[in-house]
Amino acid sequence: MTHAWHDTYHHAATPAHHFDPRAKLAVGFLFTGFVLLTRHVSLTKGAAYAGLLLAVALLCRVPARRMVRRIGTLVPFILLMGLSAWLSRISKEQVFQIFTKAFLSIGAMTVLSATVPFPDMLRALQEMRVPRIFILFLAFLYRYAAVLGRETMKLERGWTARYFGRLRGNPWRELGHILAALLIRSYERAERVYSAMLSRGFSLSGQAFHVLHFRFRDALLVSVSMVVLIGIHWGRF
């Protein structure tokens, strides 16, 4: 298991893959912002946003199966959010607004992650003056999530070998022991990883070697996307 297991980047020879990552990030944030700030997403506006998102996904040649699987992994969280909204006794229209905005936002981030390599995305965030501690957190989460996954698999294998897949006594107590062991192992592994990084010359203020170039076509992409989104947002339909 490596860090590539959760990488959603899809390499393809399309014009969208050659735009500057900062431009694509700006368009993704603009789309999400317009969707979330739309006071009332009607059926026609929702269809317009979804049609725009689908057109971009087709132009970028994002596999439909990957996009559906990516969105499907987040469905439980959306359902939990919907359940919370239902328990709050809000109207069906408000629940529809929540689900529509959630699916559109997740779809936009899925297309963005499929067209921008994660290292380029981090570099773009750095160029956009995002706090470095946040960028380092994302980088470590991306790189070492597989390490945490391996530790979890080892604990699960050991638990299965000892208890034959069944919990004895209080299940919550056994689960607490597993989580505590996972926390201790993760902390110890993090210390070893950090020591190895320092021995290889890691620095919090290190400069990236990959240089981005924001060209006229990138500015044109952001401008056209802004005009289209404003048209959908303020359109009377």
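Residues take numbers from 1 onward in each chain, read along the sequence in its written order. A pLDDT threshold of at least 70 governs which residues receive local features in this predicted model, and a stricter bar of 80 or more applies before side-chain atom pairs are shown or counted, although totals over entire chains, interfaces and linings include all residues. Water and hydrogen atoms were dropped before computing side-chain values, which therefore reflect all heavy atoms in the structure.

## Some details on the packing of aromatic side chains
Turning to step 1, where the next piece is worked out: Two rings belonging to Phe, Tyr or Trp (six-membered ring only in the last case) form a pair when the distance between their centres is within 6.5 Å. Interplanar angles under 30 degrees mark stacking, angles over 60 mark edge-to-face geometry, and anything in between is tilted. Tallying each qualifying case throughout the model produces 1 aromatic pair.
Turning to step 2, where the next piece is worked out: Seen from their ring centres, phenylalanine 31 and tyrosine 49 are 5.7 Å apart, and the 85° between their planes marks the pair as edge-to-face. Residue phenylalanine 31 is found in helix H1 (residues 21–37), and its partner tyrosine 49 is found in helix H2 (residues 43–59); the two are separated by 18 residues along the sequence. Neither phenylalanine 31 nor tyrosine 49 differs from the other in exposure class; each is buried.
Turning to step 3, where the next piece is worked out: Any Lys NZ or Arg CZ that is within 6 Å of a ring centre and within 35 degrees of that ring's normal is treated as a charge sitting over the ring. Its end group placed over the ring of phenylalanine 19, arginine 217 keeps NZ or CZ at 6.0 Å from the ring centre. Put simply, DSSP H or I for four residues or longer makes a helix, DSSP E for two residues or longer makes a strand, and each gets a number counted from the N terminus. A 1.4 Å probe rolled over the protein chains alone gives each residue an accessible area, and that area as a share of the maximum for its type sets the label: buried under 20%, exposed over 50%, partly exposed in between.

## Digging into the environment of alanine 139
Turning to step 1, where the next piece is worked out: Structurally, alanine 139 can be placed in helix H7 (residues 132–163).
Turning to step 2, where the next piece is worked out: Considered as a pair, alanine 139 and leucine 122 are 17 residues apart in the sequence and their alpha carbons are 7.4 Å apart.
Turning to step 3, where the next piece is worked out: Throughout, a contact is declared for two residues whenever any of their heavy atoms are within 4.5 Å. Beyond its immediate chain neighbours, meaning those up to four positions away, alanine 139 contacts Phe118 and Leu122.

## Brief notes about the packing of helix H3 (residues 64–73) against helix H4 (residues 75–87)
If you want to describe how two helices pack, look at the angle between their axes and the distance between the axes.
Turning to step 1, where the next piece is worked out: Every angle, taken between N-to-C directions, lies between 0 and 180 degrees, and every axis is a line fitted to C-alpha atoms, over only the stretch in contact when it is a helix. Two numbers describe how H3 lies on H4: the axes approach to 4 Å, and their chain directions differ by 40°. In terms of orientation, H3 and H4 fall into the oblique class. Facing H3, whose interface residues are Ile71, Gly72 and Thr73, H4 presents Val75, Pro76 and Phe77.
Turning to step 2, where the next piece is worked out: For the contact of H3 with H4, the residue count by class is 4 nonpolar, 2 polar and no charged. Small angles under 35 degrees read as roughly parallel and large ones over 145 as roughly antiparallel, with 65 to 115 read as roughly perpendicular and the rest as oblique. In this classification, Asp, Glu, Lys and Arg are treated as charged, Ala, Val, Leu, Ile, Met, Phe, Trp, Tyr, Cys and Pro as nonpolar, and every other residue, Gly included, as polar.

## So, helix H9 (residues 216–234)
Each α-helix turn comprises 3.6 residues. Residues three or four places apart therefore point the same way.
Turning to step 1, where the next piece is worked out: Expected helix span is given by 1.5 Å per residue-to-residue step, counting one fewer step than there are residues. Between the first and last C-alpha of H9 there are 27 Å, a value that for 19 residues agrees with the 27 Å anticipated at 1.5 Å per step.
Turning to step 2, where the next piece is worked out: Those residues of H9 lying buried are Asp218, Val222, Ser225, Leu229, Ile232 and His233. Buried residues of H9, viewed axially, fall in a sector of 95°; they line one side. Of the residues in H9, the exposed ones pointing more than 90 degrees away from the buried face are Phe216, Val227 and Trp234. Note that the arc is defined by the directions from the helix axis to the C-beta atoms.

## Structural notes on the confidence of the model for the protein chain
Turning to step 1, where the next piece is worked out: As a per-residue measure, pLDDT tells how confident the predictor is, with possible values from 0 to 100. Mean pLDDT over the protein chain: 78, with 84% of residues reaching 70 or higher.
Turning to step 2, where the next piece is worked out: Across the protein chain, H1 holds the top mean pLDDT of 91, while H4 sits lowest at 74.

## As for the nonpolar core
Across soluble globular proteins, you tend to see nonpolar side chains buried next to one another.
Turning to step 1, where the next piece is worked out: Among the nonpolar cores identified, the biggest contains 20 residues, and Phe31, Tyr49, Leu53, Val62 and Met67 are the most heavily contacted of them.
Turning to step 2, where the next piece is worked out: Counting residues per element, the ones that place at least two in this core are H1, H2, H3, helix H5 (92–115) and H9.
Turning to step 3, where the next piece is worked out: No other element matches H5, which puts 6 residues into this core.
Turning to step 4, where the next piece is worked out: If we ignore the near neighbours within four places in the chain, the residues touching tyrosine 49 are Phe31, Phe34, Val35, Thr38, Leu104, Leu229, Ile232 and His233.
Turning to step 5, where the next piece is worked out: In this structure, Leu25, Met121, Leu122 and Tyr142 belong to the second largest nonpolar core, which totals 11 residues. Put simply, buried Ala, Val, Leu, Ile, Met, Phe, Trp, Tyr and Cys residues joined by side-chain atoms within 4.5 Å make one nonpolar core.

## A word on unusual backbone geometry
Turning to step 1, where the next piece is worked out: Although it is not a glycine, arginine 129 sits at a positive phi angle of roughly 65°.
Turning to step 2, where the next piece is worked out: By secondary structure assignment, the location of arginine 129 is in the loop between helix H6 (118–127) and H7.
Turning to step 3, where the next piece is worked out: Arginine 129 sits in the exposed class, given a relative accessible area of 69%.

## Focus on the pattern of salt bridges
Turning to step 1, where the next piece is worked out: Salt bridges are defined as contacts in which a side-chain nitrogen from Lys or Arg sits within 4 Å of a carboxyl oxygen from Asp or Glu. Per the counting criterion, the structure on display carries 3 salt bridges.
Turning to step 2, where the next piece is worked out: Notably, a salt bridge pairs aspartate 20 with arginine 22, separated by 3.0 Å at the nearest N-O pair. An identical accessibility class is assigned to aspartate 20 and arginine 22; each is buried.
Turning to step 3, where the next piece is worked out: The closest approach of N and O atoms between glutamate 127 and arginine 123, which form a salt bridge, is 2.8 Å. In this pair, glutamate 127 and arginine 123 are both assigned in helix H6, 4 residues apart and thus about one turn of the helix distant.
Turning to step 4, where the next piece is worked out: Owing to a relative accessible area of 11%, arginine 123 belongs among the buried residues under this scheme.

## Here's the deal with H2
Turning to step 1, where the next piece is worked out: Here H2 is 17 residues long and its end C-alpha atoms lie 24 Å apart, about the 24 Å a rise of 1.5 Å per residue gives.
Turning to step 2, where the next piece is worked out: Those residues of H2 that sit buried are Lys45, Gly46, Tyr49, Leu53 and Ala57. Mapping the buried residues of H2 onto a view down its axis gives an arc of 115°, with all of them on the same face. Projecting away from the buried face of H2 at angles above 90 degrees are the exposed residues Leu43, Leu54, Leu58 and Leu59.
Turning to step 3, where the next piece is worked out: On its buried face, H2 is in contact with H1, H3, H5 and H9.
Turning to step 4, where the next piece is worked out: Positioned one or two residues after H2, arginine 61 has a phi angle of 60°, which is positive.

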